[in-house]
Amino acid sequence: MVFSSLTFLFAYLPLVLAVYVLVPAKARNAVLFIVSLFFYGWGEPVYVLVMLASITVNWLFGLAIGKARDRQTARRRLVLCLVFNLALLGFFKYADFLIENLNRLGLHLRPLHIHLPIGISFYTFQTMSYPIDLYRGKTEVQHSWVDFGTYVSMFPQLIAGPIVRYTEIAAQLKQRVVNRENISAGISRFSSGLCKKGLLANQIGELFEDIQQLGPQDQSLLTAWLGITAFAFQIYFDFSGYSDMAVGLGKMLGFSFPENFNYPYTSRSVTDFWRRWHMTLSYWFRDYVYIPLGGNRRGLKRQILNILIVWLLTGLWHGASWNFVLWGLYYGLVLILEKLFLLKKLEKAPAWVGHVYTILIVWLGWVLFAFPDLSRGTAYLACLFGSTGVLANGLTLFYLRDHLLLLAVCVIACMPRPKKLFRPLLDSTAGAPLLTGLSLLACTACIVNSSYNPFLYFRF
């Protein structure tokens, strides 16, 4: 079940909210736990068992770490817990990738053909944050299995984030405010995310789908750049739209989730871009991998190594495929170059230089991200640099004519100014409900009329 489906919008969500508001406050965690398991099991019932196993094991390890008599015992229990989590994620996500590469070295192993449980990368990172922060003394032991299960399985952010750490909502699991104001604000935030998804991401995504399937004889330099621009907009509005919907749903339920995006395409450097894009993942790797490895405290050489390790893991987190490994290392190298000298030059250059540079680097990175087949990705990169020898053709003009307005809207929607312009309307008593209602109506019409409705980050 996805947020932008009619089933979710007009059946699941209204029923869940009605039950959630009517039950006593003490019962809300149990209700949320049950409906979240139903949400997750809607498409893949068998993998609910995997999630329940993850919840139970991490909860038990949390109890064990809390009862440890000394630091060394607590550390051993933490290590065992982390091994379990990484083994679970590794088995489902990377086993066949490992077998495939071992077979290339001459072995003859049979692939397991394991289906990847939806959202396992997200909820595994969430569960890992609990025992780590417990060991560090940043939170207290959660004695309720239901409350911990509610945290892990909560349907708003279960499938594709944001990655919510236990410390961020531990207090809210005990007490939170569910009232008309929060529900209204949540609906408004949810509708803005749904607009990003239904009105922008789905529409511009169809353009990329068309262009990436073109043969060499139909491709041109400008068409290729138009295609990867369409993908850049698609993945941004798809993922940030999902995050907005998750934050809005959390607000309806009385929770405050961390923000995940902050207008990343307005960045003036790649370093700044990764402070604005998928922020909860960047901060997770910073706090649980980069800093424990030593961060920048052990000299420049060790810092460079730490950056490469983090970005190799970031690439692998996104998928068990060599294109994601290369994508991670690509960003690792760019960030190292910025750390060494590029950032200083960009700070002295005019603002537009930094913007153009960042967009160019990010757009090229999206090619690696979008094509699991490296041969196709390499061919597309070649087209971006004029391998076809054709600057533009009839298809280029056709795509531009049909999508120019949509592209212009996407550019504007990537900037903070439109939100500031609409703020007085959103803050008014009559304006907010009117704008929310029109948004939901327009999105519903698009969902009904379109068969193209993917969520790109579901596969991670």
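All of these numbers come straight from a predicted model, not from anything done at the bench.

(A) Representation of the overall build of the protein in the model. Looking only at helices and strands, the protein features 19 helices and 0 strands. What you see for the protein is a C-alpha radius of gyration of 23 Å, in line with the 23 Å of a compact globule of 460 residues. Along the first, second and third principal axes, the C-alpha atoms of the protein reach 70 × 60 × 50 Å. For the protein, buried positions account for 53% of its 460 residues. Long-range contacts, defined here as pairs at least 24 residues apart, represent 77% of the contacts in the protein between residues at least 6 apart. Within the protein, one finds 40 positive and 23 negative side-chain charges whose respective centroids are separated by 10 Å.

(B) Molecular detail of the pattern of salt bridges. In the structure shown here, the tally under the stated rule is 9 salt bridges. In this structure, Asp244 engages Arg189 in a salt bridge whose closest nitrogen and oxygen atoms are separated by 2.9 Å. Linking Asp244 in helix α10 (residues 221-252) with Arg189 in helix α9 (residues 180-212), this pair joins segments that are 55 residues apart in sequence. The class of Asp244 is buried, set by a relative accessible area of 10%. A salt bridge links Glu259 to Arg189; its shortest N-O distance comes to 2.6 Å. With Glu259 in the loop between α10 and α11 (270-273) and Arg189 in helix α9, this residue pair connects regions lying 70 residues apart in the sequence.

(C) Just the packing of aromatic side chains, in detail. Inspection of every chain in the model, using the stated rule, returns 59 aromatic pairs. Their ring planes at 75 degrees and their centres at 5.8 Å tell us that Trp274 and Trp327 sit as a pair that is edge-to-face. Linking Trp274 in the loop between α11 and α12 (279-290) with Trp327 in helix α14 (residues 322-348), this pair joins segments that are 53 residues apart in sequence. According to the relative accessible area criterion, Trp327 is buried, its value standing at 0%. Pairing Phe324 with Phe369 gives two aromatic rings, centres 5.2 Å apart and planes at 80 degrees, and the pair type is edge-to-face. Taken as a pair, Phe324 in helix α14 and Phe369 in helix α15 (residues 351-370) lie far apart in primary sequence, 45 residues in all.

(D) Representation of the environment of Val390 in the model. Within the secondary structure layout, Val390 lies in the loop between α16 (374-384) and α17 (394-413). Judged by its relative accessible area of 34%, Val390 falls in the partly exposed class. As for Val390 and Thr223, which are separated by 167 residues in sequence, their C-alpha atoms are 9.6 Å apart. Once residues lying within four places of it in the same chain are set aside, the contact partners of Val390 are Gln219, Ser220 and Leu221.

(E) View of the nonpolar core. Among the nonpolar cores identified, the biggest contains 131 residues, and Phe8, Phe155, Tyr265 and Trp366 are the most heavily contacted of them. Ignoring anything within four residues of it in the chain, the contact list for Tyr265 reads Ala232, Phe233, Ile235, Tyr236, Phe273, Trp277, Ile359, Val362, Trp363, Trp366 and Cys414.

(F) Local environment of the environment of Leu407. Tracing the sequence through the fold places Leu407 in helix α17. Distance in space between the C-alpha atoms of Leu407 and Ile114 is 39 Å, their sequence separation being 293 residues. With near-sequence residues (within four places) excluded, Leu407 lies in contact with Ile204, Leu226, Phe233 and Leu400.

(G) Looking closely at the packing of α14 against α15. For the pair α14 and α15, the least separation of the axes is 9 Å and the interaxial angle reads 165 degrees. Judged on the interaxial angle alone, α15 and α14 are roughly antiparallel. Between α14 and α15 lies a crossing whose hand is right-handed. Contacts between α14 and α15 involve Asn323, Phe324, Leu326, Trp327, Tyr330, Tyr331, Val334, Glu338, Leu342 and Leu346 from the first element and Gly354, Tyr357, Ile361, Val362, Leu364, Gly365, Trp366, Leu368 and Phe369 from the second. Here the contact of α14 with α15 is built from residues that sort into 15 nonpolar, 3 polar and 1 charged.

(H) Quick peek at unusual backbone geometry. Of note in the backbone geometry, Tyr263 takes a positive phi value of approximately 50 degrees without being a glycine. Along the polypeptide, Tyr263 turns up in the loop between α10 and α11. Phi at His278 is positive, roughly 45 degrees, even though this residue is not glycine. Within the secondary structure layout, His278 lies in the loop between α11 and α12.

(I) Quick peek at the packing of helix α2 (residues 28-41) against helix α3 (residues 48-67). Packing of α2 against α3 leaves a shortest axis separation of 9 Å and a crossing angle of 135 degrees. The orientation of α2 relative to α3 falls into the category oblique. Across the interface between the two elements, Phe33, Leu37, Tyr40 and Gly41 from α2 touch Val48, Met51, Leu52 and Ile55 from α3. Across the contact of α2 with α3, the residue classes tally to 7 nonpolar, 1 polar and no charged.

(J) Structural view of a nonpolar patch on the surface. On the surface, a cluster of nonpolar side chains totalling about 340 Å² of accessible area is made up of Leu300, Leu337, Leu340 and Phe341. Counting residues per element, the nonpolar patch draws most heavily on α14, at 3 residues. Assignment of secondary structure puts Phe341 in helix α14.

(K) Molecular detail of the side chain of Asn85. Along the chain, the position of Asn85 falls in helix α4 (residues 71-104). In this structure the side chain of Asn85 is engaged in a polar contact, spanning 2.8 Å, whose partner is the side chain of Asn58. Setting aside anything within four residues of it in sequence, one finds Asn85 in contact with Ser54, Asn58, Thr124, Thr127 and Met128.

Conventions used here
- Residues numbered from 1 in each chain as written.
- Predicted model: local features only at pLDDT ≥ 70, side-chain atom pairs only at ≥ 80, totals over all residues.
- Heavy atoms only, no water.
- Helix = DSSP H or I, 4+ residues; strand = E, 2+ residues; numbered from the N terminus.
- Rg over C-alpha atoms; globule rule 2.2 N^0.38 Å.
- Buried < 20%, exposed > 50% of the residue type's maximum accessible area, 1.4 Å probe, protein only.
- Contact = heavy atoms within 4.5 Å.
- Lys, Arg positive; Asp, Glu negative; His and termini not counted.
- Charge placed at Lys NZ, Arg CZ, Asp CG, Glu CD.
- Salt bridge = Lys/Arg side-chain N within 4 Å of Asp/Glu carboxyl O.
- Phe/Tyr/Trp six-rings, centres within 6.5 Å; stacked < 30°, edge-to-face > 60°.
- Core = buried A, V, L, I, M, F, W, Y, C linked by side-chain atoms within 4.5 Å.
- Axes fitted to C-alpha atoms, helices over the stretch in contact; angles between N-to-C directions.
- Parallel < 35°, antiparallel > 145°, perpendicular 65-115°, else oblique.
- Left-handed = near helix turned anticlockwise from the far one by under 90°.
- Nonpolar A, V, L, I, M, F, W, Y, C, P; charged D, E, K, R; others polar.
- Patch = residues over 30% accessible without salt bridge, like charges linked within 9 Å, V, L, I, M, F, W, Y side chains within 5 Å.
- Areas by Shrake-Rupley, 256 points an atom, 1.4 Å probe, with all protein chains shown as cover.
- Polar contact = N/O pair within 3.5 Å; in protein donor to acceptor, adjacent residues only side chain to side chain.

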